[in-house]
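What follows is the residue order along each chain.
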Amino acid sequence: MNRYSFAYLVIVYLLFAIYTLNGEIDIDHQLKAALVLMSFFGIPHGAIDNVLFLSKHKMPQLKFYSLYLSTIAIYCCCWYFFPIFSLLFFFLISSYHFGESQLSDYAFQSRFKKVIYTLWGVSLLSTLVFYNQSELLILCQEFTDTVKFGHVFEHPSIDYLFYGSNVILITFLCLKKYRDKHNIQDLLSELFQLFLIHLTFYLFPIIISFTLYFIFLHSMKVLTQEYNYLKQVRPELNLKKFIVLLLPHTLISLIFLFVFYIGIQTQVVPISLFLFSVISISVITLPHAIIMTNFYD
Amino acid sequence: MLLNIIEPIAPDNYVAFTFFTGYIAMLAASVFFFVERGSVSPKWKMSLLVSALITGIAAVHYYYMRDYNLATGDSPTFFRYVDWILTVPLMCVEFYLLTKLAGAKKSLLWKLILASTWMLVCGYIGEAFNPGGGGAAAHSVTWGILSTLGYLYILYNVWFGEVAQLAAKSNSDTIKQGVRYLGWFVLVGWAIYPIGYMCMDGGWLSSLMTPESVDVWYNIADAINKIGFGLVVYSIAIAETKKEMA
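No experiment lies behind these values; they were computed from the predicted model shown.

Student: Looking at this structure, how should I read the overall build of chain A?
Tutor: Along the backbone of chain A there are 13 helices and zero strands. Beginning at the N terminus, the succession of helices and strands in chain A can be written as α-α-α-α-α-α-α-α-α-α-α-α-α. Expected size for 297 residues packed as a compact globule is a radius of gyration near 19 Å; at 19 Å, chain A falls within 12% of this value. With the C-alpha coordinates of chain A rotated into their principal frame, the extents come out at 60 × 50 × 40 Å. Out of the 297 residues in chain A, the part that is buried amounts to 27%. By sequence separation, contacts in chain A at least 24 residues apart represent 72% of the contacts at least 6 residues apart.

Rendered as structure tokens:
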């Protein structure tokens, strides 16, 4: 168990208490809590992509931003023309990105490491969909522009992906421990974290489940890694300076999201809030995942 | 006990089965740890004595719980908490004894004992003095949260706090690894108790397990946690004794 799993566990116990008292948490409270956590941890963990990349590569800021924003723009176009393909592509890059961050401590040398990272992420996302299939379908059917995504979430391959990826992943972790004579504690920690993920995805609604994973096991871990790396590059860095570093792009993102939110509410932007959330997360994830691959390398 | 007052036991009475096996296993473990005190160096004798006490105290309680359950068919909540309130602080004493060589102070011992006692007293109030009716959930949740605070304190201390730091400082891989194994007992093995707590009438997980199933799981978990805990301490003591003699 690491500190992130401990924080995760504390929140799970707290949720147990809330659920015992209330029976459930209504969707408004779920969204508000998710929004606050995303604003404080989720968005900031990708807010210094520029700093991370430019600390390793000599490139003019303008060129960096042009490339970064072009990637986002191209992906937005893809969403317009090929929504189902874009959704599947989003799952693929998210899978890779989550797996890479989760397994970053292992320093894999294998040429199949990218496959292993993707496998971990596929197991995570298929588990999320598998346990919350009906909730996702209801959510998709609620808006006219997301009805078509329902076919993706109820596709029979979800079951195969869920069972297949989890079995292969656990077998791989056990074999790796056996072959590399790794400390059994690493294996136990990894299996415990998988168990916690399965437990929460099974017990709690999809918004709570994903937010818990995304904030406590992903964003907090990445933020710590980013801080530790930058501390090596800039020894004068402290927590306060790190927060200041995170602020500009976090605020820009929040303002951007707020403007679009107003646009959707006033029907100036003709898409549903759900579709907008999926698109905005995916288009931010793509360049972030590329930068993070470079960061971990 | 006279044969004519022995209660008949149905073959599918798993609660009675696990009470009996739990009792005998705890007793056997207690004898084992006590006898094996002679095989370890003097500085490890206290650790094995504490292990023997943990399983010995549990064996006596299991003897009573077994009869109580057979006679009434009820869950022996009272005896369980009496057992836990004696044995869980003793498990915490094991952490102190293991890290004492690396400089653990008495304050650590008292912090762990207080946290474990707090955890159990709050759990007992939440479970045994539940007023029922409308206030039942609020009562059990309030005391459940208070009890969980004690548990999380111990968990944090063992994994990241003073105990973990002292183990890391100990210059002994056996102790480092042993403390980590004991940490797994606290993390996974002890997790059955809050789950059991949430399975009581009106609890969030009450649909998951019947009171009988909770008793079976408690019995299995108790045996694994107490005997397993003792065996880890025993293996550390033996390994360290061998090192000293080499």
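Student: Before we go on, may I ask you to explain the overall build of chain B in this structure?
Tutor: A tally of regular secondary structure across chain B gives nine helices and zero strands. Its helices and strands taken in sequence order, chain B reads α-α-α-α-α-α-α-α-α from the N to the C terminus. By the compact-globule yardstick of 18 Å for 246 residues, chain B fits well, its C-alpha radius of gyration being 19 Å. In terms of overall dimensions, chain B has a C-alpha envelope of 60 × 45 × 25 Å along the principal axes. Classification of the 246 residues of chain B by burial places 42% in the buried group. The contacts of chain B with a sequence gap of at least 6 include a subset with a gap of at least 24, amounting to 74%.

Student: Would you take a moment to explain the confidence of the model for chain B for this structure?
Tutor: Interpretation of the predicted coordinates at a detailed level should be avoided for regions scoring low in pLDDT. Residue and element names in this part refer to chain B. A residue-level look at chain B finds 93% of positions with pLDDT of 70 or above and a mean pLDDT of 86. At the level of individual helices and strands, chain B shows its lowest average pLDDT in helix α8 (residues 192-198), which scores 79, and its highest in helix α1 (residues 14-36), which scores 92. Both scores are available for the predicted complex, with the pTM at 0.83 and the ipTM at 0.77.

Student: How should I be thinking about the packing of helix α9 (residues 157-180) of chain A against helix α10 (residues 184-203) of chain A in this particular structure?
Tutor: Residues and elements named next belong to chain A. It is the contact of α9 with α10, at a shortest axis distance of 10 Å, that shows an interaxial angle of 170 degrees. Taken together, the axis directions place α9 and α10 in an arrangement best described as roughly antiparallel. Between α9, through L173, C174 and K177, and α10, the contact on the second element is made entirely by I184, L187, E190 and L191. Residues of the contact of α9 with α10, tallied by class, amount to five nonpolar, no polar and two charged.

Student: It is not clear to me how the interface of chain A and chain B should be interpreted in this structure. Could you clarify?
Tutor: One widely used convention gives an interface's size as the accessible area the parts lose upon coming together. At the junction of the two partners, chain A supplies twelve residues and chain B supplies 16 residues. Of all the secondary structure elements, the ones that give two or more residues to the side of chain A that touches chain B are α1 (3-22) and α10 of chain A. Ranked by the residues each element gives to the side of chain A that touches chain B, the list is headed by α1(A), at nine residues. Grouping the amino acids of the side of chain A that touches chain B by side-chain chemistry returns nine nonpolar, two polar and one charged.

Student: Just checking my understanding: could you explain the environment of K221(A) for this structure?
Tutor: All names here are of chain A. Relative to the helices and strands, K221 is located in helix α11 (residues 206-233). Overall, K221 belongs to the partly exposed group, with 19 C-beta atoms counted inside 10 Å. In contact with K221, not counting residues within four places along its chain, are Y4 and S101.

Student: Before we go on, may I ask you to explain the nonpolar core in this structure?
Tutor: In a soluble, globular protein the nonpolar side chains are often hidden away together inside. M26(B), L48(B), F95(B), I154(B) and V158(B) are the most contacted members of the largest nonpolar core, which has 55 residues in total. Of all the elements, helix α2 (residues 42-72) of chain B adds the most residues to this core, at nine residues. What L48(B) contacts, discounting residues up to four positions off in sequence, is F33(B), E36(B), R37(B), V40(B), V233(B), Y234(B) and A237(B). Residues A47(A), W120(A), F149(A) and A289(A) belong to the second largest nonpolar core, which totals 44 residues.

About the cut-offs
- Residues numbered from 1 in each chain as written.
- Chains lettered and ligands numbered in written order.
- Predicted model: local features only at pLDDT ≥ 70, side-chain atom pairs only at ≥ 80, totals over all residues.
- Helix = DSSP H or I, 4+ residues; strand = E, 2+ residues; numbered from the N terminus.
- Rg over C-alpha atoms; globule rule 2.2 N^0.38 Å.
- Buried ≥ 20, exposed ≤ 12 C-beta atoms within 10 Å, placed from the backbone.
- Contact = placed C-beta atoms within 7 Å.
- pLDDT = per-residue confidence, 0-100.
- Axes fitted to C-alpha atoms, helices over the stretch in contact; angles between N-to-C directions.
- Parallel < 35°, antiparallel > 145°, perpendicular 65-115°, else oblique.
- Nonpolar A, V, L, I, M, F, W, Y, C, P; charged D, E, K, R; others polar.
- Core = buried A, V, L, I, M, F, W, Y, C linked by C-beta atoms within 7 Å.

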